[in-house]
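Notes for the structure review
These are the residues of each chain, in order.
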Amino acid sequence: MGEHRRWGPGRGFRPPWWPENEPFPPRGGPWWAGRRRRFRRRVGFAFATFFLLLFATSALAVMVVSGALGVGDRRALLVPTAILGLLLLGALFGVAVWAVRRVAGPVGDVMEAADRVAAGDHDARVEERGPRETRRLARAFNEMTERLRAAEHQRRDLLADLAHELRTPLSVIRGNMEGILDGVYHADRTHLEPVLEESRVMSRLLDDLETLSTAEAGALRLYREPVEPADLVDDAVAAFGPSAADAGITLEAKTAEGLPEIEVDRVRIGQVLANLLSNAIRHTPPDGSVLIAAERAGDRVGFAVSDSGSGVPVDVLPHIFDRFVKTADSGGAGLGLAIARSLVEAHGGEIAASSEPGKGTTIRFTIPVVARP
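Since the structure is predicted, the reported quantities are computational estimates derived from the model, not experimental observations. (Residues numbered from 1 in each chain as written. Predicted model: local features only at pLDDT ≥ 70, side-chain atom pairs only at ≥ 80, totals over all residues. Heavy atoms only, no water.)

**Let's talk about the sheet that holds strand E7 (residues 360-368)**
- With mixed pairing, five strands are arranged side by side in an open sheet as E2-E4-E5-E7-E6. Bordering the open sheet on either side are strand E2 (250-255) and strand E6 (350-356), each of which pairs with just one other strand. Averaged over all neighbouring strand pairs, the angle between strand axes comes to 15°, with direction disregarded.
- Judged from the seven bridges that link them, E6 and E7 form a sheet pairing that is antiparallel. By the bridge assignment for E7, Ser 354 is matched with Thr 362.
- Relative to E2, helix H5 (residues 229-246) is tilted by about 175°, and along the sheet it contacts E2, strand E4 (289-297) and strand E5 (300-307).
- Against the sheet, helix H6 (residues 266-282) contacts E2, E4, E5 and E7, and its axis sits at roughly 175° relative to E7. (Pairing = 2+ DSSP bridges. Helix = DSSP H or I, 4+ residues; strand = E, 2+ residues; numbered from the N terminus. Axes fitted to C-alpha atoms, helices over the stretch in contact; angles between N-to-C directions. Contact = heavy atoms within 4.5 Å.)

Next comes the structure, spelled out in structure tokens:
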């Protein structure tokens, strides 16, 4: 276990989320406890001031009303008024203390946890307690910190995966160029072509990352136009028919009749089908088959790409649309399906995968039909 987890009073280590300018362990309790106590004192002071003003106002009102009713000696009412007011004040003060503890406690928990999150501890959670509003606040806070934690993990994983994917082409480029400069290799086609090819790999990787990040951020520009689903299927078959034939794979197309138009960016949806078909052909052995189909799916048009290949392992299938997820025999950087999902979702569609190891994989996605007035 790493050192960053062995923290605690008396151990001599600081937690990873602890502020640099704060001593650890803190003196006089947790460093956030002071803010929590001040919050409770302020709320209590506000309630106490309110009830004292209420008591004074009630006494004055009794005296004014007694004068209006013709009570001669208003001073005689001061003692019973004071006793009644004190009893009322005591009851209200008890209710106020209960209310302060019921509300201030959960809010103080959120303040404490918010300080920890601000300091970098994305594992901070609060207990859902107190009135309904404070429970909703705690639930919303927990959901927010969970999203922050997931985003932080995704960021770290992305940086690690990106470094891993760039390491191989950079190593090839560096090795060949150093060999040429040192005179070990000749500056000929044999040694310069790998450099050019690896630079293309890096360029494709960066283009894929740009497309993926833009689509996930909702900033991808789509040039929508009404398109016949059969045209998309025909274009995909025409583009990948030769490569499938060269690999000894049968590429079939099946389009249902009477499909309505869909309003999509033809280039982007073509990119989705291209990613799916290239994966299917790559994982299908010779004499196998790949089927691309289009059919009606309720108020949507559904597309499916099926192959008779090796299938996807059960443990990988739930993560097949994540970045840099690849099976043992996959090529590329593992971004194709992540891009496909982002592009489909950018069109308001949905995508899913099913697979049976040894029998093939099917990936389906749906696109909404054009709404006609």
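**Regarding helix H4 (residues 189-216)**
- Here H4 is 28 residues long and its end C-alpha atoms lie 40 Å apart, about the 40 Å a rise of 1.5 Å per residue gives.
- Within the span of H4, buried status applies to His 191, Val 195, Glu 198, Met 202, Leu 205, Leu 209, Thr 211, Leu 212 and Ala 215.
- Gly 218 occupies a position one or two residues after H4 and carries a positive phi of about 75°. (Expected span 1.5 Å × (residues − 1). Buried < 20%, exposed > 50% of the residue type's maximum accessible area, 1.4 Å probe, protein only.)

**Some thoughts on the environment of Leu 137**
- Position of Leu 137 among the secondary structure elements: in helix H3 (residues 132-181).
- When its relative accessible area of 38% is taken as the criterion, Leu 137 is described as partly exposed.
- In this structure, the C-alpha to C-alpha distance between Leu 137 and Pro 106, residues 31 residues apart in sequence, is 9.0 Å.

**Re the environment of Glu 261**
- Structurally, Glu 261 can be placed in the loop between E2 and strand E3 (262-265).
- Remark: the alpha-carbon pair of Glu 261 and Val 227, spanning 34 residues in sequence, is separated by 5.4 Å.

**Notes on the confidence of the model for the protein chain**
- Taken as a whole, the protein chain shows an average pLDDT of 76; of its residues, 69% reach a score of 70 or greater.
- The element-level mean pLDDT for the protein chain is lowest in helix H1 (residues 33-68), coming to 62, with E5 highest at 92.
- Low confidence marks residues 1-12, where pLDDT is under 50. Its contacts with residues over four positions away, or in another chain, come to 15 contacts.
- This model gives residues 28-33 a pLDDT under 50, and the stretch forms eleven contacts once residues within four places in sequence are excluded. (pLDDT = per-residue confidence, 0-100.)

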